[in-house]
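Given next are the chains, with one letter for each unit.
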Amino acid sequence: MAMALETQFHVLAVDDSLIDRMLIERLLKTSSFNVTTVDSATKALKFLGLVEDEFRSFESSVASEIHQDVDVNLIITDYCMPGMTGYDLLRKIKESKSLKNIPVVIMSSENVPSRINRCLEEGAEEFFLKPVQQADVNKLKPHLMKSRTKEENEQPLNNKRKEMEEIYSPNKTRLRCSS
Amino acid sequence: MDGLVQLQKQLVDYTASLFHEGFLDEQFNQLQQLQDESNPDFVVEVVTLFFEDAERLLNELSKTLGQPSIDFKKLDAHVHQLKGSSSSIGAQRVHRVCISFRNSCEEQNVEGCLKNLQQVTHEYSLVKSKLETLLRMEQQILAAGG
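Residues numbered from 1 in each chain as written. Chains lettered and ligands numbered in written order. Predicted model: local features only at pLDDT ≥ 70, side-chain atom pairs only at ≥ 80, totals over all residues. Heavy atoms only, no water.

Further remarks concern the UniProt feature "modified residue: 4-aspartylphosphate" (unreviewed entry) in chain A. Residues and elements named next belong to chain A. In this structure's numbering, the residues bearing the UniProt feature "modified residue: 4-aspartylphosphate" (unreviewed entry) are Asp78. You can see Asp78 is positioned in strand E5 (residues 74–78). Excluding residues within four positions of it along the chain, Asp78 makes contact with Val14, Asp15, Asp16, Gly86, Met107, Ser108 and Lys130. (UniProt positions renumbered as here; feature names shortened; annotations may be inferred. Helix = DSSP H or I, 4+ residues; strand = E, 2+ residues; numbered from the N terminus. Contact = heavy atoms within 4.5 Å.)

Before going further, it helps to examine the UniProt feature "domain: HPt" (unreviewed entry) in chain B. In the numbering adopted here, UniProt assigns the feature "domain: HPt" (unreviewed entry) to residues 39–141 of chain B. Secondary structure across residues 39–141 of chain B comprises 86% helix and 0% strand; the distance between its end C-alpha atoms is 17 Å.

Turning next to the environment of Gln67 of chain B. Residue and element names in this part refer to chain B. Tracing the sequence through the fold places Gln67 in the loop between helix H3 (42–65) and helix H4 (72–89). On the accessibility criterion, Gln67 (42% relative accessible area) is partly exposed. Within the structure, the side chain of Gln67 is placed 3.2 Å from the backbone oxygen of Lys63, a separation counted as a polar contact. (Buried < 20%, exposed > 50% of the residue type's maximum accessible area, 1.4 Å probe, protein only. Polar contact = N/O pair within 3.5 Å; in protein donor to acceptor, adjacent residues only side chain to side chain.)

So, about the interface of chain B and chain A. How big an interface is tends to be expressed through the accessible area that disappears when the partners come together. Contact with chain B, which involves 19 residues of that partner, is made by 14 residues of chain A. Between chain B and chain A, roughly 1500 Å² of surface is buried when both sides are summed, and carbon and sulfur atoms account for 62% of that area. Looking at the side of chain B facing chain A, the largest losses of area belong to Leu34, Leu49 and Ser88 of chain B, adding up to 33% of the total buried there. At the junction of chain B with chain A, the criterion picks out three salt bridges. (Buried area = accessible area lost by both parts, 1.4 Å probe. Salt bridge = Lys/Arg side-chain N within 4 Å of Asp/Glu carboxyl O.)

Moving on: the UniProt feature "modified residue: Phosphohistidine" (unreviewed entry) in chain B. If you check UniProt for "modified residue: Phosphohistidine" (unreviewed entry), the listed places come out as His80 of chain B in our numbering. Relative to the assigned elements, His80 of chain B resides in helix H4. Accessibility expressed as a relative area gives 17% for His80 of chain B, which makes it buried. Ignoring any residue separated from it by four or fewer positions in sequence, one finds His80 of chain B in contact with Cys80, Ser109 and Glu110 of chain A together with Arg102 of chain B.

To continue, consider the packing of aromatic side chains. Aromatic rings considered in pairs are described by the distance between their centres and by the relative angle of their planes. With the rule as written, the count across this model stands at four aromatic pairs over all chains. Ring plane angle 50 degrees and centroid distance 6.4 Å describe the contact between Phe9 of chain A and Phe33 of chain A, whose orientation is recorded as tilted. In this pair, Phe9 of chain A sits in the segment before strand E1 (10–14) while Phe33 of chain A sits in the loop between helix H1 (18–30) and strand E2 (34–38), placing the two residues 24 residues apart along the sequence. Phe9 of chain A sits in the buried class, given a relative accessible area of 3%. When its relative accessible area of 3% is taken as the criterion, Phe33 of chain A is described as buried. With a centroid separation of 5.9 Å and an interplanar angle of 65 degrees, the aromatic rings of Phe50 of chain B and Tyr124 of chain B are classed as edge-to-face. Placement of the pair is Phe50 of chain B in helix H3 and Tyr124 of chain B in helix H6 (residues 110–143), with a sequence separation of 74 residues. Under the relative-accessibility criterion, Phe50 of chain B is labelled buried at 0%. Looking at Tyr124 of chain B, the relative accessible area reads 6%, which means it is buried. Ring pairs connect the aromatic residues Phe50, Phe51 and Tyr124 of chain B, which therefore count as one cluster. (Phe/Tyr/Trp six-rings, centres within 6.5 Å; stacked < 30°, edge-to-face > 60°.)

Moving on, we get to the confidence of the model for chain B. Residues and elements named next belong to chain B. Mean pLDDT over chain B stands at 96; residues scoring 70 or higher make up 99%. When pLDDT is averaged over each helix and strand of chain B, the minimum, 94, is found for helix H1 (residues 2–20) and the maximum, 98, for helix H5 (residues 92–106). As a predicted assembly, this complex carries a pTM of 0.84 together with an ipTM value of 0.93. (pLDDT = per-residue confidence, 0-100.)

Core analysis: the biggest nonpolar cluster contains 62 residues, and Leu28 and Ile76 of chain A together with Phe50, Leu82 and Phe101 of chain B have the highest contact counts within it. Looking at this core, the element that brings in the most residues is H3 of chain B, giving 12 residues. Ignoring anything within four residues of it in the chain, the contact list for Leu28 of chain A reads Val11, Ala13, Phe33, Val35, Ile76, Val137 and Leu140 of chain A. Counting residues in hydrophobic clusters, the runner-up holds 26 residues, among them Val38, Cys80, Val104 and Ala124 of chain A. (Core = buried A, V, L, I, M, F, W, Y, C linked by side-chain atoms within 4.5 Å.)

This brings us to the pattern of salt bridges. Under the counting rule described, the total for this entry stands at 17 salt bridges over all chains. Of the charged contacts, one joins Lys83 of chain B and Glu110 of chain A as a salt bridge, the two residues approaching to 3.9 Å between their closest N and O atoms. Of this pair, Lys83 of chain B sits in helix H4 while Glu110 of chain A sits in the loop between strand E6 (104–108) and helix H4 (113–121), placing the two residues on different chains. Of the two residues, Lys83 of chain B and Glu110 of chain A, neither departs from the other in class, the shared state being buried. One salt-bridge network, in which partners are shared between bridges, spans Glu110 and Arg115 of chain A together with Asp76, Lys83 and Arg102 of chain B.

Structure below.
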């Protein structure tokens with residue numbers, strides 16, 4: 001029995017619009033990605049194993065990271081979503097020790113340069129204008145190959161703690177999607 | 001055999017006219033390209049979703065505009081959704097009206113919004129009927145062995 005040289009890439013797609021979820025899923029599947037879709041950033045964080053601990057009463061929020069067997073190679077998210085925006089999600093991912101190396105791509109129906117720059121500065125790999133095209137999705141593989149090579153080259157971290165805890169500064173400012 | 005060829009030609013001509021008149025844009029082509037043997041109903045599914053979504057949103061828009069005190073943020077949020085879904089399926093004229101509609105919301109222009117609602121309702125009913133015709137023609141072709 002021959003061993004597969006590489007496993008399929010797993011993409012997590014986040015969008016509150018059902019139509020757009022259908023579209024992005026089809027686009028990703030035609031590129032042979034494994035796809036999971038969720039309709040909110042909160043659900044995305046849950047899926048990624050980054051859950052906010054509501055019972056702590058620290059001044060700043062504490063996120064406990066649960067070891068997840070879920071292996072996500074790329075996250076593609078809509079920018080403008082009710083509740084937590086795609087930008088908020090991007091920030092939380094980049095602030096997380098275990099998730100920050102996962103490439104994140106932002107999608108938006110609005111071509112706002114300041115928005116695009118803000119996302120790229122925060123660490124998004126790409127910014128796609130909606131409606132997303134096959135040509136856009138074709139740009140994803142290089143980012144995934146890069147991450148995979150990086151993972152293979154990195155030494156495992158020496159972590160004595162069983163449970164990883166992170167403290168990050170509370171983000172009280174809600175960004176309006178129209179800004 | 002002749003009947004099938006004729007149906008196919010009619011479909012090509014009809015689709016071309018929809019593009020020519022601006023009802024549909026390139027995005028609709030993208031949708032069709034995403035349909036294949038393993039996903040033979042993709043276009044029908046997405047278009048049906050669009051109909052459901054649009055009708056729900058048009059109802060909401062009408063309700064919101066009918067309030068004594070209009071919530072423009074809510075209005076804008078609904079228009080934004082409709083703008084998004086119409087763009088995603090290539091319903092160009094609906095998408096265009098939504099852009100104007102958002103401007104009216106931003107300006108808190110009640111008359112503008114009422115006019116835009118009328119326009120978007122009209123454009124939606126047009127594109128709905130045309131898409132239904134198009135999908136019906138495709139069904140006929142399939143039934144005739146195409």
